[in-house]
Each structure stands twice: as C-alpha cells, then as structure tokens.
Amino acid sequence: GVQGNAKFLMEGTDNWMQTLRNHGFRCVSVGKTHLVHAGSFHLQIPPGDSFGDQGGWNHFEPAPSPEQEELYYDIHTARRACAALDKLKKTEPFAMFVGFHAPHEPYVMPEKYLAYCKPEDVPLPGNRDRSEYSSKSEGYRRRFDLFKNKFGEITDDMVRRGIAGHHCLLKMVDDCLGMIMDKLREQQMLDDTLVIFTSDHGELLGEHYLFNKAGTSYESEIRIPFMIRFPDGYKKGECVSNLASSIDFVPTLYELLGIDPDVSLPGYSLMPAIRDGSELRSYITTTGTGTMGIRTEKHKLWYHAGDKDGELYDLKDDPSELRNLYHAPEAGELRRELFELMLHARVTEDNRGSRPTRSQIRLHDEAKTAFEPEIV
C-alpha cells in the first residue's frame, strides 16, 4: 500500500522489523530510513553541515564537505552502527538496518574522497541519443525538461563530473561498510551474522541524458544490488541471474531465519533460486508515481496513467533502450500482450498480498458460530 516516500506505513501494518521483534530479535535502525523504522529502536543521525549549502538534485558540482569527517552523515552513521553493535553483543539475536545517504546527490563529501575518481577518467555512457527527446514518452520529456530548467543544457563535462562524483561517494560507502564488517570481526560476531546489502533504486548517471531516479523504468534505475553474505560462506562468490523483485526481500529473509510470521506477502522467497537456480518469476513489475511497468527476460513496457503514454522495448535487440516501440504499428500485438501480462501481474500480486492469514481464518471460523447468514 506504500508506493512513495510521501506515504508512511499505516497503523497496524506489518513490516519486517516489527515481525523480527515479535520473534525475539532486538531491532535497531541507524541513519536514513525516510521514516522512523517501525518495529525498531531508531538512532537518528543529524546531518549537521555534511552537505554544505547544496540541496538535492545537484549531481554536477562535487565539493568538499564543511563538516568534520567523523561527523559527516554517512561516516557518523557507520560509527553509530558500530557503537550499537558493541551493545548488541549478547546471546539473543539482533537485527540492524543501516541506511546510508550516499551515493545520493548532492555530491558533497569529505575532501579526501574527491580525488578517488576524476572526471577526465570517466567514459561517457553509450546508451543516449539526442533523438530520444522526440521518440520517448511525455514522462521522459518532463524529466528531461526538469533537469534542463534547473541546470541548463547537460554537457558531456557535466555528465563526467556527475559520474565521477557518484563513484567517489561509492568509495566512501565502501569504507563505511568496511568499518561495520571490521566491528563484527572484532566482536567475533561475523560468523553468526547474516549480512545483506541492497538499495532502494538505481541511478541513471547520464544515460538517456538523464540523472537521478523515480521518473523511468530504464535498467539503470530498476536494477539494484542485492548481495547476501552467509555466515558459513554458503554459495560464496556465486551470482544468481534470475529475475527478482524488491518485494521478494522479506519472504527471503523470513525463510533464511526460519520465521513463519503468518502475514500475507506479494513476493516470493528467493531461496530456491539461490540454492539451485530455480526459476521463480517470468516477469517483474515496477511502480512509480502514476506509473506501472512490466519486464520479462526479453521485453519491457512501462505506462504513465496521467499521460496515457508509455515506452516499450525489445531488450534482446535493443538492450540500450534507445528505440521506443510504444507507438510503432508493428509492435501493437506485443504491446497488447504486455498490457495483459501487466494486468495479470497486478491482480496476482494483489491477491497474494491480501490472502487471509491463519489468524484471520480462525477469526472467521469464530464468527461463523453466530450463524448469521452473511458469514460464509
């Protein structure tokens, strides 16, 4: 029921932290969460002067932060997470969510990271073409115009600066993760701890002459990292290439921890794919503000309801997503098939997410004892 940052979880909504707490885990969240993480004790990190006077959206002016390094937002987050781990070292299990701001813009960071990646060393993205402005959707043009109005014409030099700044921040996040991993080793907790790394979205980084996220369903935006480190080195170094969705995270976590929380979930556990490569999905769905999309191994369709417009791609012949087939007469049948699949996917996921739980079935059986004719 939540498709964006503007809507918080509703009262009584189950979430993974709350479920783990109900199963005996001590739950703590640290740093950026977009909302105080329900079901956990949340350690808020003050941003201070971490980002100077720059606001969001600015990818093109990487700059040194005026904040002292140890209090810079993400480094402070890692330090607080490490301090929390010192307190959580007990026999009872714990769950910790650590949310970093980087590599989100603005690209303001401790000065030592600015030299990690230089603009002149950055190759320009290949999947972009000036003709996209006329061949893509109204949603694409609106996103393109937004950046043009904010920053003027996006030049190659700006793109290089944006990509370089992004990678400088990735280096900082990598160091922050290293701090946390070192703390787990120091406390002799690493061999008993499941470590999962993921993200909420990708970043366009100049592809299709766009930056940022939330305006498209291009691969660079919807493909996100999902890495699991098992305590015993299980499947170490292996990569699973099956289609998967972010809604699969929670059922995967529950299976890994042996938890049966009696909640209805739209996703699938990824463990069969991890164990033996089993195919779980033939498609994934994507959603955004007023948009919905469907992606199979070979094709992708995304639709903007407000514009009654969209984009359609043959990913086998056009992996760079440069040729929009949405209005192409020869792609009419494919478009119809994908719209039907998108509708099927939405109904299926809604049904999976609203199935009655065991406790709800018991309540229904109790209600039947009233012998009221409408209770079936």
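Further up the page is the structure itself.
Residues numbered from 1 in each chain as written. Predicted model: local features only at pLDDT ≥ 70, side-chain atom pairs only at ≥ 80, totals over all residues. Heavy atoms only, no water.

Caption draft 1: Main features of the nonpolar core. Membership of the largest hydrophobic core comes to 42 residues, with the highest contact counts inside it found for Val-30, Tyr-72, Leu-85, Met-96, Met-109, Leu-169 and Met-172. Of all the secondary structure elements, the ones that give two or more residues to this core are β1 (26-31), α2 (73-88), β4 (94-99) and α5 (156-186). Top contributing element to this core by residue count: α5, with twelve residues. What Leu-169 contacts, discounting residues up to four positions off in sequence, is Tyr-72, Ala-102, Pro-103, His-104, Pro-106, Tyr-107, Val-108 and Met-109. (Core = buried A, V, L, I, M, F, W, Y, C linked by side-chain atoms within 4.5 Å. Buried < 20%, exposed > 50% of the residue type's maximum accessible area, 1.4 Å probe, protein only. Helix = DSSP H or I, 4+ residues; strand = E, 2+ residues; numbered from the N terminus. Contact = heavy atoms within 4.5 Å.)

Caption draft 2: Up close: the pattern of salt bridges. Taken as a whole, this structure holds 25 salt bridges when the rule is applied. In this structure, Lys-112 engages Glu-69 in a salt bridge whose closest nitrogen and oxygen atoms are separated by 3.0 Å. A residue pair is termed long-range when its members are at least 10 positions apart, and Lys-112 in the loop between β5 (108-109) and α3 (132-135) and Glu-69 in the loop between β3 (63-64) and α2 qualify at 43 residues. The exposed category is assigned to Lys-112, whose relative accessible area is 53%. The closest approach of N and O atoms between Asp-248 and Arg-281, which form a salt bridge, is 2.9 Å. A residue pair is termed long-range when its members are at least 10 positions apart, and Asp-248 in the loop between β7 (226-229) and α7 (249-257) and Arg-281 in the loop between α8 (271-276) and β8 (284-288) qualify at 33 residues. A cluster of three or more residues bridged by salt bridges with shared partners is formed by Glu-219, Arg-223, Arg-295, Lys-300 and Glu-321. (Salt bridge = Lys/Arg side-chain N within 4 Å of Asp/Glu carboxyl O.)

Caption draft 3: Structural context of the side chain of Asn-58. As for its position among the elements, Asn-58 is in the loop between β2 (41-43) and β3. When its relative accessible area of 10% is taken as the criterion, Asn-58 is described as buried. A polar atom in the side chain of Asn-58 sits 3.4 Å from the side chain of Gln-54. Look past the residues within four positions of Asn-58 in its chain and what remains in contact with it is Glu-105, Pro-106, Tyr-107 and Phe-151. (Polar contact = N/O pair within 3.5 Å; in protein donor to acceptor, adjacent residues only side chain to side chain.)

Caption draft 4: Structural view of the sheet that holds β2. Pairing in this open sheet of three strands is parallel, and the strands run β2-β1-β4 from one edge to the other. Each end of this open sheet is capped by a strand with a single partner; those strands are β2 and β4. Averaged over all pairs of adjacent strands, the angle between strand axes in this sheet comes to 15°, irrespective of strand direction. With six bridges connecting them, β1 and β4 associate as parallel partners. (Pairing = 2+ DSSP bridges. Axes fitted to C-alpha atoms, helices over the stretch in contact; angles between N-to-C directions.)

Caption draft 5: Quick peek at the pairing of β1. In terms of burial, β1 is a largely internal element, five of the six residues being buried. Here β1 pairs with β2 via three bridges, running parallel. Opposite Val-30, over in β2, you have Leu-43 as the bridge partner.

Caption draft 6: Here's a closer look at the environment of Lys-136. Structurally, Lys-136 is set in the loop between α3 and α4 (138-151). Each C-alpha atom, one on Lys-136 and one on Lys-171, is 34 Å from the other, the two residues being 35 residues apart in sequence. If we skip the residues at most four places from it in the chain, Lys-136 touches Arg-141, His-208, Tyr-218, Glu-311, Tyr-313, Glu-321, Leu-322 and Asn-324. Here Glu-321 takes part through its backbone oxygen, which lies 3.1 Å from a polar atom of the side chain of Lys-136.

Caption draft 7: Region of interest: the sheet that holds β8. An order of β8-β9-β10-β11 is seen for the four strands of this open sheet, with the pairing classed as antiparallel. The open sheet has two edge strands, β8 and β11 (309-314), and neither has a second partner. Averaged over all neighbouring strand pairs, the angle between strand axes comes to 10°, with direction disregarded. As paired strands, strand β10 (residues 299-304) and β11 are joined by six bridges and run antiparallel to one another. By the bridge assignment for β11, Tyr-303 is matched with Gly-310. Along the sheet, helix α9 (residues 332-353) makes contact with β8, β9 (291-295), β10 and β11, crossing β10 at roughly 75°.

Purely geometric numbers; function is a separate question.
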